Structures are given as C-alpha cells and as structure tokens.
Amino acid sequence: MLSSLKAICEKAIIGIPPAPLVLTKMLDDYINQNHNDASVDENKPTLFKLINRFIDGEIKNRGKEKSINTIKTYITCKNHLEEFQIAENIKLDFEDITLDFYYKYVSFLKSKNIMVNAIGKDISIIKVFMGEAIDLQYITNMQFKHKKFCVTREDEENIFLNETELHQLYDCKMPSIIMEEQRDLFIIGAWTGLRLSDYKNIKLENMVKIDGDLFIKMI
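The present account deals with the structure reproduced in this document. For clarity, every value in this text was computed on a predicted model and none was experimentally measured.

About the cut-offs
Residues numbered from 1 in each chain as written. Predicted model: local features only at pLDDT ≥ 70, side-chain atom pairs only at ≥ 80, totals over all residues. Heavy atoms only, no water. Helix = DSSP H or I, 4+ residues; strand = E, 2+ residues; numbered from the N terminus. Rg over C-alpha atoms; globule rule 2.2 N^0.38 Å. Buried < 20%, exposed > 50% of the residue type's maximum accessible area, 1.4 Å probe, protein only. Contact = heavy atoms within 4.5 Å. Areas by Shrake-Rupley, 256 points an atom, 1.4 Å probe, with all protein chains shown as cover. Phe/Tyr/Trp six-rings, centres within 6.5 Å; stacked < 30°, edge-to-face > 60°. Axes fitted to C-alpha atoms, helices over the stretch in contact; angles between N-to-C directions. Parallel < 35°, antiparallel > 145°, perpendicular 65-115°, else oblique. Nonpolar A, V, L, I, M, F, W, Y, C, P; charged D, E, K, R; others polar.

Overview of the overall build of the protein chain
Then, in step 1: The helix and strand inventory of the protein chain stands at nine helices and two strands.
Then, in step 2: From first element to last, N terminus to C terminus, the protein chain shows the α and β order α-α-α-α-α-α-α-α-α-β-β.
Then, in step 3: Relative to the 2.2 N^0.38 estimate, which gives 17 Å for 219 residues, the radius of gyration of the protein chain is 26 Å and therefore markedly larger than a compact globule would have.
Then, in step 4: Principal-axis analysis of the C-alpha atoms gives the protein chain an extent of 95 × 35 × 35 Å.
Then, in step 5: Burial analysis of the protein chain (219 residues in total) assigns 25% to the buried set.
Then, in step 6: Sequence separation of at least 24 residues holds for 53% of the intrachain contacts in the protein chain that already meet a minimum separation of 6.
Then, in step 7: Carbon together with sulfur atoms contributes 55% to the accessible area of the protein chain, which is approximately 16300 Å² in total.

Structure representation (structure tokens):
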C-alpha cells in the first residue's frame, strides 16, 4: 500500500509540488477504488464472471460439453467462494487467489465440516478457473501454481456387495412397489457400474440389441 501511495504522489508531481486538492482527489480514488461505482468497468473480466461462463457451458473442455455433474461441482465451488467472501468480508477476484487465500479457504471449508476430498475438489476447480484466466491473458497471478497450493486427497472406504448378496437382494420380497423399483435400480447400478446420475436416467433409446442380446448403451 505504501508503494502504491508513493507512486500516486510521484505521479502528481509534474515539476512542481501538486495542489493539495489534486493530491487529495488521487488518494481518495485509490482508497475508494473498490467502492466507487463510477470507477467500475462493467466489461472488465472478473473471477465470478469467468466462473459463470464455465457454469453456462460457454467454456468447454477441448470443444466437448461439460457433464451435468461437472457443472454441479462448478456451482458448489462458486457457492463456497461466495460464502467465504461473506465470512471474510472481502470481494474475491483473480489477484486474491494467493497462497494466503488457500490457507484461509481450506480452514474455512474445514470449519463447515466439509470432507477432505471435497475440499480437494474445490481447490482443483479453482486451479482450472485460474488456468483459464491465464490462457485468456486476464491475469499474471501464478500463485495458484505454487507447490503448497495443492489438491489434497485421502483414501475412502468403499462398501460393496458380493454376487451372492446381490442375488439375495434381487430375490428379496419388498413391502411395496416403490421399494421394489428402488431395489431394481440399485441392482442395475451394481451390475452395470454406472454412476447414480446415469443409471437413473436410462431410457428405452439406451437399450440396443446386438447379436440378439440386449445391451445398455450410454455416453
């Protein structure tokens, strides 16, 4: 801040000391730069404008449309960043994504009892946003590439049913039609390996016959 104020003073000096009114105006503009609506450039790229372009599907990965689940992770990350802004009473932009931000943001997410892998997902998405900002030549801030600005992961315990248990569940009499349908959906998911968001959306057009046998064909 001192360096910025010194630069303002030096800029105001044109051979002679500046008039107090001129210097006061320049210093006021600097101090109020984040609160002066008249000085805001509506066309200036910002972090959240860029995030919205990801969410809207405008920015694609090698020309491919983002999946619904990927869009959901962008929205979740955006919501967390907005909550962080409120908690810290700040307005985040590209230049604020520093190593210091990383430490504070991770602590903030932990205070909300968010799991380690979910925090790691947020960090990886923020790195994607910042990488895109670099490619678009919006910024020169490279602190997100610091080795300490890392994506953390921990091993998860996965619980599964073996084939015998799946057969027992399939043969089990359910007390209602709804529970039978839920059981059948679970069995389909277990045998196909499709994620929930995919197998719950299987339609007739996904059923194809190959050499007389029926298959599920999905992208």
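With respect to the packing of aromatic side chains
Here the distance between the centres and the angle between the planes together describe a pair of aromatic rings.
Then, in step 1: Summed over all chains, the structure comprises 10 aromatic pairs.
Then, in step 2: Ring centres 5.5 Å apart and planes at 80° place the aromatic pair F54 and Y74 in the edge-to-face group. One end of the pair, F54, is in helix 3 (residues 47-55); the other, Y74, is in helix 4 (residues 68-88), and 20 residues separate them in sequence. Here F54 and Y74 have matching classes, each one buried.
Then, in step 3: Taking 5.2 Å as the distance between ring centres and 20° as the angle between the ring planes, the aromatic pair formed by F101 and Y105 counts as stacked. Residue F101 and its partner Y105 are both found in helix 5 (residues 99-111); the two are separated by four residues, about one turn of the helix. Each member of the pair, F101 as well as Y105, is classed as buried.
Then, in step 4: Here the aromatic cluster, defined as three or more aromatic residues joined through ring pairs, consists of F84, F101, Y105 and F108.

Points about the packing of helix 3 against helix 6 (residues 116-135)
Then, in step 1: The geometry of helix 3 relative to helix 6 is characterised by a closest axis approach of 10 Å and an angle of 105° between their N-to-C directions. One finds that helix 3 runs roughly perpendicular with respect to helix 6. Residue-level inspection shows L50, I51 and F54 of helix 3 in contact with helix 6, the latter providing V128, F129, E132 and A133.
Then, in step 2: Taken together, the residues of the contact of helix 3 with helix 6 sort by class into six nonpolar, no polar and one charged.

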